[in-house]
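Below are the chains, spelled out letter by letter.
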Amino acid sequence: MNSDLAIRYRNAHKAFKKPVLSGVDLDIREGEMFALFGPSGTGKSVLLKTTIGLVVPDRGDVEVGGESVYFGGREALEAVRRQVGYVFQHAALFDSLNVYRNVEMGLPAERLERIGRIAAARAVRRALELVNLDPETVQPLLPSELSGGMKKRVGIARAIVGRPRILLWDEPTTGLDPVNTAAVERLIKRLSEELRVTSVLVTHDVEGALWMCDRVAMLEGGRIRFCGTPEDFRACPDPVVRAFVDRAAAQAALDVVEMT
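About the thresholds
- Residues numbered from 1 in each chain as written.
- Predicted model: local features only at pLDDT ≥ 70, side-chain atom pairs only at ≥ 80, totals over all residues.
- Heavy atoms only, no water.
- Helix = DSSP H or I, 4+ residues; strand = E, 2+ residues; numbered from the N terminus.
- Rg over C-alpha atoms; globule rule 2.2 N^0.38 Å.
- Contact = heavy atoms within 4.5 Å.
- Pairing = 2+ DSSP bridges.
- Polar contact = N/O pair within 3.5 Å; in protein donor to acceptor, adjacent residues only side chain to side chain.
- Buried < 20%, exposed > 50% of the residue type's maximum accessible area, 1.4 Å probe, protein only.
- Arc of directions from axis to C-beta.
- Phe/Tyr/Trp six-rings, centres within 6.5 Å; stacked < 30°, edge-to-face > 60°.
- Lys NZ or Arg CZ within 6 Å of the ring centre and 35° of its normal.
- Expected span 1.5 Å × (residues − 1).

A. Seen up close, the overall build of the chain. Counting its regular elements, the chain contains ten helices and ten strands. Relative to the 2.2 N^0.38 estimate, which gives 18 Å for 260 residues, the radius of gyration of the chain is 18 Å and therefore close to what a compact globule would have. For the chain, the spread of C-alpha atoms along the principal axes amounts to about 55 × 55 × 35 Å. The long-range share in the chain, meaning contacts at least 24 apart out of those at least 6 apart in sequence, stands at 64%.

B. Representation of the sheet that holds strand β4 (residues 59-64) in the model. Ordered in space as β2-β1-β4-β5, the four strands form an open sheet in which the pairing is antiparallel. Of all the strands in the sheet, the pair left with one neighbour each is β2 (19-29) and β5 (67-68). Strand direction decides the pairing type here: strand β1 (residues 5-15) and β2, joined by eight bridges, are antiparallel. When the sheet's bridge partners are listed, A15 is paired in β2 with P19.

C. Up close: the environment of E171. In this fold, E171 is placed in the loop between β7 (166-170) and α7 (178-194). Here the alpha-carbon distance between E171 and Q89, two residues 82 residues apart in the chain, equals 4.9 Å. When residues no more than four places from it in sequence are discounted, the contact partners of E171 are K44, Q89, K152, V202, T203 and H204. A distance of 3.1 Å separates polar atoms of two side chains, one belonging to E171 and the other to H204.

D. Structural detail: the pairing of β7. Of all five residues in β7, five are buried; the element is thus mostly enclosed. Residues I166, L168 and D170 line one face of β7 and the alternating positions L167 and W169 line the opposite face, and both faces are buried. Summarising the sheet, strand β6 (residues 84-87) and β7 pair through four bridges and their orientation is parallel. Bridging from a neighbouring strand, V87 pairs with W169 of β7.

E. Expanded view of helix α2 (residues 73-83). Residues of α2 that are buried include every one of A76, L77, A79, V80 and Q83, and no others. Projected onto a plane normal to the axis of α2, the buried residues spread over an arc of 160° and lie on a single side. Residues of α2 that are exposed and angled more than 90 degrees away from the buried face: R74 and E75. On its buried face, α2 sits against β4, β5, β6 and β7.

F. Representation of the packing of aromatic side chains. What the rule picks out here adds up to four aromatic pairs. For the ring pair Y86 and F88, a centre distance of 4.5 Å and an interplane angle of 35° mean the geometry is tilted. Connected via pairs of aromatic rings, a cluster forms that spans F37, F226, F233 and F244. One residue, K189, lies across the ring of W211, its end atom 5.8 Å from the ring centre.

G. Layout of unusual backbone geometry. With phi around 50°, N11 is a residue other than glycine that occupies positive phi space. With respect to the secondary-structure elements, N11 resides in strand β1. Residue classification places N11 among the partly exposed residues on the basis of a relative accessible area of 34%. The backbone of R163 sits at a positive phi, close to 50°, despite the residue not being glycine. Counting through the fold element by element, R163 comes out in the loop between α6 (148-160) and β7. For R163, a relative accessible area of 46% gives the class partly exposed.

H. Here's a closer look at α6. Counted at 1.5 Å a residue, the expected span for α6 with its 13 residues is 18 Å, and the 19 Å between its end C-alpha atoms agrees. Most of α6 sits out of view: ten of its 13 residues are buried. Residues of α6 that are buried: G149, K152, R153, V154, G155, I156, A157, R158, A159 and I160. Here the buried face of α6 lies against β6, α3 (99-104), α4 (109-130), β7 and α7.

Have a look at this one:
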């Protein structure tokens, strides 16, 4: 694997009742912000989950930092997971744990044991501050006491508390209104730059992702239909891509109208 590549998907296939991924080949470069688009049900989240072994491909492989996720054995998979922070679509907070414990769960057990509780508390506090939450206020709260936007931020704090090299964002703005969507997207861009991580973003908010990403790809029919810069995506003559771009632009315009 080239040293400038963070993630490499090679001929990734996955079927459930029907094929979802049908031979995905895609390279993500170190340090870039990358977005993955596509209609609902095209396997975007499935592809993201293959990156850390939450979904096992039927064929093909994924390499993270040069390590094979599927042929490297348990130690290689654990090494990959230590490098990656995952922001789940619906935050996926533990209902019975307060905010502090939820964020602390993002620290690998061996690191938590090594650094001790005092250093862990500092790491949790710093992660909450990075997502613009006041630690003193939110740490004792349960998820049921948080707004939707606050839950998203706590989920992000859990993903970054271990200082990963790679952040995977699975529909991080789902369920948010346009104002909170814009706020979370600004936060994603700031964190990706400030923490100097590679970010891979699965999202339906095409306009927001085009604003903040270095490159984008479109998944359609189980394969990569387009991969390139936001400017090339907007100008792509492929009729399938063109129709997708036009629908996204129309939805963005509708969201603006609803905000006014």
